[in-house]
4 protein chains.
Amino acid sequence: MNKLQLKGLIPPMITPLLDNDVLDVEGAKKLTEHMIAGGVDALFVLGTTGEAQSLTYRLRYEYVELICSTVAGRVPVIVGITDSSFDESIRLAHHAKKCGAVGCVAAAPYYFPATQKELIDYYTALADACPLPLFLYNMPSKVKVFLNVSTVLTLSKHPNIAGVKDSSGNAGYFASLLHHFKDNPEFSVYMGPEEVTAPAILMGADGGVNGGANLFPELFSAMTKAAAAGDLAKVQELNDKIQFMSATLYGLCDSDASFMKALKLALELHGICSGNLAWPYRRCDEKETAAVKAALAELDARNYR
Amino acid sequence: MNKLQLKGLIPPMITPLLDNDVLDVEGAKKLTEHMIAGGVDALFVLGTTGEAQSLTYRLRYEYVELICSTVAGRVPVIVGITDSSFDESIRLAHHAKKCGAVGCVAAAPYYFPATQKELIDYYTALADACPLPLFLYNMPSKVKVFLNVSTVLTLSKHPNIAGVKDSSGNAGYFASLLHHFKDNPEFSVYMGPEEVTAPAILMGADGGVNGGANLFPELFSAMTKAAAAGDLAKVQELNDKIQFMSATLYGLCDSDASFMKALKLALELHGICSGNLAWPYRRCDEKETAAVKAALAELDARNYR
Amino acid sequence: MNKLQLKGLIPPMITPLLDNDVLDVEGAKKLTEHMIAGGVDALFVLGTTGEAQSLTYRLRYEYVELICSTVAGRVPVIVGITDSSFDESIRLAHHAKKCGAVGCVAAAPYYFPATQKELIDYYTALADACPLPLFLYNMPSKVKVFLNVSTVLTLSKHPNIAGVKDSSGNAGYFASLLHHFKDNPEFSVYMGPEEVTAPAILMGADGGVNGGANLFPELFSAMTKAAAAGDLAKVQELNDKIQFMSATLYGLCDSDASFMKALKLALELHGICSGNLAWPYRRCDEKETAAVKAALAELDARNYR
Amino acid sequence: MNKLQLKGLIPPMITPLLDNDVLDVEGAKKLTEHMIAGGVDALFVLGTTGEAQSLTYRLRYEYVELICSTVAGRVPVIVGITDSSFDESIRLAHHAKKCGAVGCVAAAPYYFPATQKELIDYYTALADACPLPLFLYNMPSKVKVFLNVSTVLTLSKHPNIAGVKDSSGNAGYFASLLHHFKDNPEFSVYMGPEEVTAPAILMGADGGVNGGANLFPELFSAMTKAAAAGDLAKVQELNDKIQFMSATLYGLCDSDASFMKALKLALELHGICSGNLAWPYRRCDEKETAAVKAALAELDARNYR
């Protein structure tokens, strides 16, 4: 039996919200069409960029169902089941399967820090109980613990664990993952941060999980393809476009929410969906809105979109 | 209108579990009686020691209802509503009120780190919507953010915010809280870690939220009373007993769970309730069990209980 | 053979500077007289408050010599030999002995982080080679590593290691130290941060190493004595004075230097010595100077000095 | 006036030691010849890999003189002047110039943490006073502070600051540096960790400062050249060799010294120089020595050298 293998651009979808517990259904549909038209290879619902942990369970369930039915099989959908409660993760995984998702993604439990030994036991139990293939998700800035290379190696042997997404931004760690899995095509390795996905794919990564692709899916799709093809000149050109976009658009404020606030407002200003965020974050204030407008104007002038 | 004022020993109850999503109902009742008989001044359900974040919502609701009905008004009950989702916190607060709890406790959202400004906005909205008086809970080792003194000062002016529990273990921070609130009897300041509660109360704290009181409520109740009375000799004697207990019983392993694993197993060995833990933690293994038994024997020999 | 035992108030002297590598000799003499007149029990030269690591070796040697000769045996002098180079530490210790100091103090090497095992080997070799009794100094915010309780216990058995000063501010750690050494009068335990020294001594600490005593030695001396005598009411009164001073004077800016900048400028404004700091820090700018003046005026109005 | 521009492989030399304060002079000469023969483009003396901070000033001066005279102009030599004391940095820089070095490298002061504003002031003063061109060195794991991108941008305008070496391992940070300096050939950007230098140069970095090149200079020189030439297939092959070496040789123990202990012992086993380390680290013990021998045997079998 082969493990699930996804390649290319798998963006983490933002979750459009009319209010803290009210989904922006029309926005979510428009966003889905925008991203599919832009060439994404798969969609990842309820990740960090999707503010999953800030949402009620009710809304999370609703959103998974909506995206799966909107996508209707055009691209694979994977669903974040990261939770501090094991049973809630598994319950959500069953819902995801019922809706038609093809895989699940789980970062470590994020209230109680676990040792590497505890993480191995936890993920083994989670993968045993998960009705869909499971991707590991290394996200230390949010969950406080790191999935060590040796932990990932151990877990990669589990028949229901299909890969790892790394959002640590730790260059040496990612290089070590690529080295250890380069001869194992069944275990996929994905890069999270969009600013460093190009070199990651050049060096062997299977794909990128880039939030900016909510806004500019074509740009990210082109970069991903060029990197997979080893077209270094093209990669440098497109990567530089992404760096410029990141430097221009995301540095709104000191909050960790800066990236998400800018991204969501940019989507609103592009007429796609609401720019609201869920607690503990709030949508851009007036000053931040002006900054995002100025950034988008600068990007427009350089033919982004 | 006066704010809710609780004083003395307010232990964070462990959550007895037959399985990951199955409450140990009989154990929970026995534990409640054990603690009330031991002289606790109030009970705090669904805190960190209660492993709240590892439990399903269903079980959390069941546990709040069970404890409130078992206590039946003999001591005040407060309920932890800490959550990464604002709406889930408020929903649980309404349930707590319906069950008869008198207050709620909330640490900061623990997936997305918030700035101090975002924390002020968040807690203000939470306190506005919370149907019971709210206590702030500073727990940086779990939630990654610190409730700065200036943030607590700002939030203390909210009519529905009644106090702060600090589990940071940061001595200077706590001293600063005591200094700023010493002339404000309406805003309570509690110490979390049991090893440092005695000097905290000596210097003016309103009480202690000590996990060890699940096991030895009389010891902690006596220490709390001696400290509140300024009986320095008695405090030193009882505090030393607590230090010895902590050094003997809690240092099982390198996991953050060490304290909870030992505490829960000791309760099981004392015939009170199950020693199981919820994922990502597991009950003591064989070697750890032997260590806990040896520790309890040593404590028994010194007349603990 | 008994170990060196110092008790009470042992302030870490600031290092008065006319320029980055020029000692303020007259200021240093005045400061020494001010502190001895204020009732200090010993003096600690070249600690963190003394900016030792920012000074050239030449100036460090000059300062040790100057203070020892100025003190002329009126109180014991101990000297910080903390260094990233082992041999430089030992060389400075020999100089300190020659000048008449009675003990040395060493935090861990502060460039390369050492494991607990490496720290034990390092301190053992340092104590073997040190010509004066050695005090351990736990200062994790500057040196990145923590001297664990078990490490201190192991090292306390060395005949030339006489005690430990803790500046971590970690309340549970300090309580554990006090517990483990309460029956060992030969091994001294000192508290660093002045805001938490009063409860530390109440609970059994041997003394305080408080920077604020450069400015207000009488206040700190009185607090130290009241705490050692178990006079709880007096302790609370004096401690509150110290808290107020700290809250009023030290919160100048976001830099870690805030405390030292305010302290040194206050000494300058009191006519004692220069307010200059060594690189990477600078003396107060105009705005900060105004804030320090305002703070001192408020303290004067409340009869500080 | 153009700034100093160095490109390619600039290894940080280890410092061979017969004892803690005794240079292994013959070993240092052999090592120099080994590295020059292996094709290094420049040499960096007294960096982190050189254990500079653990050495006495006397030995640091001796080593700079020895390497400069041994190299005798065959490749440029740059010297680490990182120090917690500003004046000691400048004094060492003058010595380096006198010996014939062409540039200096400075990480931030590493005892007192500085704010970004303080770092800008500090580095500006340092560059003003430094008699040789200065390279910034971002090394947060050792010095606790990060040289933010905006700080580097500000400092890059100083006529005597010629580039930055990043050893943070933070992928996004490095990508941002490359983006901001891609059109500024006068300001060089170097990667520290050898496991991630290949993609760094592919994406535009000017060179690598790789410790492993003490042992295998030809391998690193070939990788550096292939990456600079954009030869992706060759880069992947050589990079994989480096990853394998790193995974096989460096993971001796939990200490931060693991890399340096293995590297120095491997050099000793190759007959080049002593495997001793300076305090707080020690050379490999018996078990670690066996592990290094086994690793070298495995590398030999794969034609490393």
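Look up a bit, the structure's there.
Residues numbered from 1 in each chain as written. Chains lettered and ligands numbered in written order. Predicted model: local features only at pLDDT ≥ 70, side-chain atom pairs only at ≥ 80, totals over all residues. Heavy atoms only, no water.

**Some remarks on the relation of the copies chain C and chain B**
The two copies are related by a screw motion: chain C maps onto chain B through a turn of 180 degrees and a shift of 0.0 Å along the axis, at an RMSD of 0.0 Å. The superposition operator between the copies reduces to a two-fold rotation axis. Interface overlap between copies: 100% of the residues of chain C at the interface are likewise at the interface in chain B, consistent with a symmetric, same-surface contact. (Least-squares fit on C-alpha atoms with pLDDT ≥ 70 in both. Contact = heavy atoms within 4.5 Å.)

**Considerations on unusual backbone geometry**
Backbone torsion omega between W279 of chain B and P280 of chain B reads 10 degrees, so that peptide bond is classified as cis. Turning to its location among the elements, P280 of chain B is positioned in the loop between α11 (258–269) and α12 (286–301). The phi angle at A72 of chain B is positive, at roughly 50 degrees, despite the residue not being glycine. By secondary structure assignment, the location of A72 of chain B is in the loop between α2 (57–71) and β5 (77–80). Overall, the relative accessible area of 57% leaves A72 of chain B in the exposed class. The phi dihedral of L46 of chain C is positive, around 65 degrees, even though this residue is not glycine. By the element assignment, L46 of chain C lies in the loop between β4 (43–45) and α2 (57–71). (Helix = DSSP H or I, 4+ residues; strand = E, 2+ residues; numbered from the N terminus. Buried < 20%, exposed > 50% of the residue type's maximum accessible area, 1.4 Å probe, protein only.)

**Looking at the interface of chain A and chain B**
Taken together, the 39 residues of chain A in the interface contact 38 residues of chain B. Contact with chain B buries area across many residues of chain A, yet Y111, F112 and W279 of chain A alone supply 24% of it, more than any other trio. Our enumeration of links across chain A and chain B arrives at zero salt bridges. Applying the counting rule to chain A against chain B returns 16 residue pairs in polar contact (both at pLDDT 80 or more). Broken down by secondary-structure element, the contributors of at least two residues to the side of chain A that touches chain B are α3 (86–99), α4 (116–129) and α5 (140–143) of chain A. Per-element accounting of the side of chain A that touches chain B gives the leading share, four residues, to α4 of chain A. Among the residues forming the side of chain A that touches chain B, the class breakdown is 19 nonpolar, 10 polar and 10 charged. (Buried area = accessible area lost by both parts, 1.4 Å probe. Salt bridge = Lys/Arg side-chain N within 4 Å of Asp/Glu carboxyl O. Polar contact = N/O pair within 3.5 Å; in protein donor to acceptor, adjacent residues only side chain to side chain. Nonpolar A, V, L, I, M, F, W, Y, C, P; charged D, E, K, R; others polar.)

**A short note on the arrangement of the chains**
For chain A and chain C, which are not in contact, the least C-alpha distance works out to 15 Å. Kept free of each other, chain B and chain D leave a smallest C-alpha distance of 15 Å between them.

**Considerations on the interface of chain C and chain B**
At the interface, 24 residues of chain C touch 24 residues of chain B. When chain C packs against chain B, the two sides together hide about 1800 Å² of surface, and 69% of this comes from carbon and sulfur. The interface formed by chain C and chain B holds two salt bridges in total. With eight residues, the top contributor of residues to the side of chain C that touches chain B is helix α10 (residues 232–249) of chain C. Residue classes in the side of chain C that touches chain B are distributed as 11 nonpolar, 10 polar and three charged.

**Quick notes on the relation of the copies chain A and chain B**
Here chain A sits on chain B after a turn of 180 degrees about the axis and a move of 0.0 Å along it, with an RMSD of 0.0 Å. When the interface residues of chain A are mapped onto chain B, 97% of them are again interface residues, pointing to one common binding face.

**A few points about empty space enclosed by the protein**
All names here are of chain D. Within the structure shown, the criterion is met by eight cavities of 30 Å³ or more. For the largest cavity, the calculated volume is near 70 Å³. If you go around the largest cavity, the residues you meet are I10, F44, I78, V105, F135, K165, Y190 and V209. Per-class residue counts for the lining of the largest cavity are seven nonpolar, no polar and one charged. (1 Å grid on protein atoms, 1.4 Å probe; cavity = no way out; pocket = protein on both sides within 12 Å on 5 of 7 lines; lining within 4 Å. Points joined across faces, edges and corners; volume = space filled by probe spheres on them.)

**Some details on the environment of G251 of chain A**
By the secondary structure assignment, G251 of chain A is in the loop between α10 (232–249) and α11 (258–269). Remark: the alpha-carbon pair of G251 of chain A and I10 of chain A, spanning 241 residues in sequence, is separated by 24 Å.

**Quick word on the packing of aromatic side chains**
Following the criterion strictly, the structure yields 60 aromatic pairs over all chains and no others. Summarising the aromatic geometry, the rings of W279 of chain A and Y122 of chain B are spaced 6.1 Å apart at their centres and angled 70 degrees between planes, so their arrangement reads as edge-to-face. Note that W279 of chain A is positioned in the loop between α11 and α12 (286–301) and Y122 of chain B in helix α4 (residues 116–129), a pairing that runs across two chains. By the burial criterion, W279 of chain A is buried, and Y122 of chain B matches it. Counting every residue linked through ring pairs, the aromatic cluster contains Y110, Y111, F112 and Y281 of chain A together with Y110, Y111, F112 and Y281 of chain B. Here the basic side chain of R302 of chain A rests over the ring of F244 of chain A, its NZ or CZ set 3.9 Å away from the ring centre. Between the NZ or CZ atom of R282 of chain C and the centre of the ring of W279 of chain C, over which it lies, the distance is 3.7 Å. (Phe/Tyr/Trp six-rings, centres within 6.5 Å; stacked < 30°, edge-to-face > 60°. Lys NZ or Arg CZ within 6 Å of the ring centre and 35° of its normal.)

**Things to note about the sheet that holds strand β10 (residues 207–208) of chain B**
Residues and elements named next belong to chain B. One open sheet holds the eight strands; their spatial order is β1-β10-β9-β8-β7-β6-β5-β4, and the pairing between them is parallel. Only two strands of the sheet have a single partner each, and these edge strands are β1 (8–9) and β4 (43–45). Here four bridges tie strand β8 (residues 161–166) to strand β9 (residues 188–191), and the two strands are oriented parallel to one another. Bridge pairing in β9 places V164 opposite V189. Against the sheet, α2 makes contact with β4 and β5, and its axis sits at roughly 160 degrees relative to β4, the strand it touches most. (Pairing = 2+ DSSP bridges. Axes fitted to C-alpha atoms, helices over the stretch in contact; angles between N-to-C directions.)

**Thoughts on the pairing of strand β6 (residues 103–107) of chain C**
Residue and element names in this part refer to chain C. Taken across its five residues, β6 has five buried, putting it largely inside the fold. Going residue by residue along β6, you find G103, V105 and A107 tucked away on one face and C104 and A106 tucked away on the opposite face as well. Regarding topology, helix α3 (residues 86–99) serves as the crossover connection from strand β5 (residues 77–80) to the parallel β6, and that connection is right-handed. (Right-handed = clockwise from strand over helix to strand, strands pointing away.)

**Some thoughts on the side chain of K264 of chain A**
Residue and element names in this part refer to chain A. Relative to the assigned elements, K264 resides in helix α11. Polar side-chain contacts of K264 include one of 2.8 Å to the backbone oxygen of N276. Aside from chain neighbours lying at most four places away, what touches K264 is I14, T15, L17, E51, C273, S274, G275, N276 and L277.

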